[in-house]
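Structural description and commentary
Here is how the chains run, residue by residue.
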Amino acid sequence: MELIQNTPDLSAYLAADEVIDHHHPLVRETAARLAEGVVDSYGYARAAYEFVRDTVPHSQDAGDPRVTWRASDVLELRTGICHAKAHALAALLRAEDIPTAFCYQSLLHDDDDGDGGGSGHVVHGLVAVRFNGAWHRQDCRGNKPGVDARFSLDGERLAFPVDPQSNEVDYPVLYAEPHPVVLSALKAAPDRPHLWKTLPTAL
């Protein structure tokens, strides 16, 4: 699949806003701490990815009803669904000048897949990082039995490879900002059970 930027301006994939608030002191402090033990931007990107994947529990896995969406809040409260964790990772990567995009899948889910409740499809959030002139998708939602996502620039290691026979979809568009439909659902949800009812099923 060819990944497609929704804007040709690469600087848009480094921008800060109210969601990807990488000028926030907590984001900067976290980025500085992660950068201490690495030798290059690739090592930093891997460290940031593993930090978000492993130290911010997916709220469904943890049974946490809180809904987060702003990157600094995800890092402070240490909780979020896939979209929120993607926002946190993007902020950490952009804080160190690594272009980062938001991308999405539509996945079939059931009660225990960790990204929704009930039957049907749900939009799942990822990021893509740009290295060596190419974009590489990464999924930091958090591992669990049956899920073994890893940071990789040499072939994707995503949490949920799509199954076209189940009408699952990889969306090729790389967004400089979180998709507005997804963001609206996150902002409006008083808790995670409500969020499961309002997240989009497709884009």
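In this report, we go over the structure that sits alongside the text. Just so you know, these numbers come straight off a predicted model, no measurement behind them.

The next thing to look at is the overall build of the protein chain. Scanning the protein chain for helices and strands turns up 7 helices and 6 strands. Radius of gyration (C-alpha) of the protein chain: 15 Å, near the 17 Å computed for a compact globule of 203 residues. The principal-axis extent of the C-alpha atoms belonging to the protein chain is close to 45 × 35 × 30 Å. Taken across its 203 residues, the protein chain has 50% of its residues classed as buried.

Moving on to the packing of helix α1 (residues 25-35) against helix α5 (residues 82-95). One can describe the packing of α1 onto α5 by two numbers: an axis separation of 9 Å at closest approach and a directional angle of 65°. Here α5 runs roughly perpendicular to α1, going by the angle between their axes. Along this stretch, α1 crosses α5, giving a crossing that reads as right-handed. Here Val27, Arg28, Thr30, Ala31 and Leu34 of α1 come into contact with α5, specifically with Ala91, Leu92 and Ala95.

The subject of this paragraph is the nonpolar core. In globular proteins that are soluble, nonpolar side chains generally tend to be buried together. Counting 51 residues, the largest nonpolar core has Tyr44, Leu89, Leu92 and Leu93 as the members making the most contacts within it. Among the secondary structure elements, those contributing two or more residues to this core are α1, α2 (41-55), α4 (71-77), α5, β2 (100-108), β3 (121-131), α6 (180-188) and α7 (192-198). At 9 residues, α5 tops the list of elements feeding residues into this core. Residues contacting Leu89, with those up to four places away along its chain left out, are Ala48, Tyr49, Val52, Val127 and Cys140. Counting residues in each nonpolar core, the second largest holds 11 residues, with Ala12, Tyr13, Leu174 and Ala176 among its members.

What follows covers the sheet that holds strand β5 (residues 169-170). The pairing of strands in a sheet happens through backbone hydrogen bonds and is either parallel or antiparallel. Spatially, 4 strands are ordered β4-β3-β2-β5 in an open sheet, and the strand pairing comes out antiparallel. The open sheet has two edge strands, β4 (134-138) and β5, and neither has a second partner. Pairing of β2 with β5 involves 2 bridges; the strand directions are antiparallel. Paired with Ser106 across the two strands is Val169, which belongs to β5. Across the sheet, α5 is in contact with β2 and β3; its angle to β3 comes to roughly 10°.

Next up on the list: the pairing of β2. Among the 9 residues that make up β2, 8 are buried, leaving the element largely enclosed by the rest of the structure. Across 9 bridges, β2 lies against β3 in antiparallel orientation. The residue bridging Ser106 from the neighbouring strand is Val123, located in β3.

On to unusual backbone geometry. In this model, Asp97 sits at a positive phi of 60°, which is unusual for a non-glycine residue. For Asp97, a relative accessible area of 61% puts it in the exposed group.

With that settled, the discussion passes to α6. Val182, Leu183, Ala185 and Leu186 are the residues of α6 that are buried. One face of α6 carries all of its buried residues, which in axial projection span an arc of 160°. For α6, the exposed residues set more than 90 degrees away from the buried face come down to Pro180 and Ala188.

Pairing between side chains becomes possible if they bear opposite charge and their charged atoms approach one another. With the rule as written, the count across this model stands at 11 salt bridges. Among the ionic pairs, Arg46 bridges to Glu50, the shortest N-O distance being 3.9 Å. In this pair, Arg46 and Glu50 are both assigned in helix α2, 4 residues apart and thus about one turn of the helix distant. Taking the relative accessible area as the measure of exposure, Arg46 reaches 31% and is therefore partly exposed. The class of Glu50 is partly exposed, set by a relative accessible area of 30%. In this structure, the salt-bridge partner of Arg141 is Asp61, at a minimum N-O distance of 2.9 Å. Within this pair, whereas Arg141 is found in the loop between β4 and β5, its partner Asp61 is found in helix α3 (residues 59-62), the two being separated by 80 residues in sequence. Relative accessible area serves as the criterion here: at 1%, Arg141 is assigned to the buried category. What you see here is one network of salt bridges that share partners, running through Glu18, Arg70, Asp73 and Lys187.

Conventions adopted
Residues numbered from 1 in each chain as written. Predicted model: local features only at pLDDT ≥ 70, side-chain atom pairs only at ≥ 80, totals over all residues. Heavy atoms only, no water. Helix = DSSP H or I, 4+ residues; strand = E, 2+ residues; numbered from the N terminus. Rg over C-alpha atoms; globule rule 2.2 N^0.38 Å. Buried < 20%, exposed > 50% of the residue type's maximum accessible area, 1.4 Å probe, protein only. Axes fitted to C-alpha atoms, helices over the stretch in contact; angles between N-to-C directions. Parallel < 35°, antiparallel > 145°, perpendicular 65-115°, else oblique. Left-handed = near helix turned anticlockwise from the far one by under 90°. Contact = heavy atoms within 4.5 Å. Core = buried A, V, L, I, M, F, W, Y, C linked by side-chain atoms within 4.5 Å. Pairing = 2+ DSSP bridges. Arc of directions from axis to C-beta. Salt bridge = Lys/Arg side-chain N within 4 Å of Asp/Glu carboxyl O.

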